[in-house]
Amino acid sequence: METETLYKLPTAAAILSVHTRTLKRWHEKGQAHLVELPGGQYRMTGTEIKRLIGTLPPKDDKEG
């Protein structure tokens, strides 16, 4: 049985180009799944990151 890679929220947020608070908000709304560890810390699986990458709108390159 393979184990799923778990990412700390700052790492997952950087991969998704969002803030860690956004990940928590998505989790609270049921839009993203986070794994809560026994110490109360949260992690995101690599599979969930890939799923979210597929559902995120394209980045707008406009600045301003």
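Bear in mind that the values here come from a model prediction, so they are computed numbers and not experimental data.

Description of the confidence of the model for the protein
And then number 1: On average, the protein scores 88 in pLDDT, and the residues at 70 or more come to 84%.
And then number 2: For the protein, the element scoring lowest by mean pLDDT is helix α3 (residues 46-55), at 90; strand β1 (residues 6-8) scores highest, at 97.

A closer look at the pattern of salt bridges
Where charged atoms of side chains with opposite charge meet at close range, the side chains can pair.
And then number 1: The full count for this structure, using the stated rule, is one salt bridge.
And then number 2: Here R51 and E48 are joined by a salt bridge, their closest N and O atoms 2.8 Å apart. One end of the pair, R51, and the other, E48, are both in helix α3, three residues apart, so they sit about a helical turn from each other.
And then number 3: You can call E48 buried: its relative accessible area is 10%.

So, the packing of helix α1 (residues 9-16) against α3
And then number 1: Two numbers describe how α1 lies on α3: the axes approach to 10 Å, and their chain directions differ by 30°. The orientation of α1 with respect to α3, classified from their angle, is roughly parallel. When the axes of α1 and α3 are compared, the crossing they make is right-handed. Residues A12, I15 and L16 of α1 pack against I49, L52 and I53 of α3.
And then number 2: Looking at the contact of α1 with α3, its residues break down into six nonpolar, no polar and no charged.

Considering the side chain of R43
And then number 1: As for its position among the elements, R43 is in strand β3 (residues 42-45).
And then number 2: For the buried R43, no salt bridge is present, and the opposite-charge side chain at shortest range is E36, 11 Å distant.
And then number 3: Setting aside residues no more than four positions away along its own chain, R43 makes contact with L6, Y7, K8, L9, L34, V35 and L37.

The rules behind these values
- Residues numbered from 1 in each chain as written.
- Predicted model: local features only at pLDDT ≥ 70, side-chain atom pairs only at ≥ 80, totals over all residues.
- Heavy atoms only, no water.
- pLDDT = per-residue confidence, 0-100.
- Helix = DSSP H or I, 4+ residues; strand = E, 2+ residues; numbered from the N terminus.
- Salt bridge = Lys/Arg side-chain N within 4 Å of Asp/Glu carboxyl O.
- Buried < 20%, exposed > 50% of the residue type's maximum accessible area, 1.4 Å probe, protein only.
- Axes fitted to C-alpha atoms, helices over the stretch in contact; angles between N-to-C directions.
- Parallel < 35°, antiparallel > 145°, perpendicular 65-115°, else oblique.
- Left-handed = near helix turned anticlockwise from the far one by under 90°.
- Contact = heavy atoms within 4.5 Å.
- Nonpolar A, V, L, I, M, F, W, Y, C, P; charged D, E, K, R; others polar.
- Lys, Arg positive; Asp, Glu negative; His and termini not counted.

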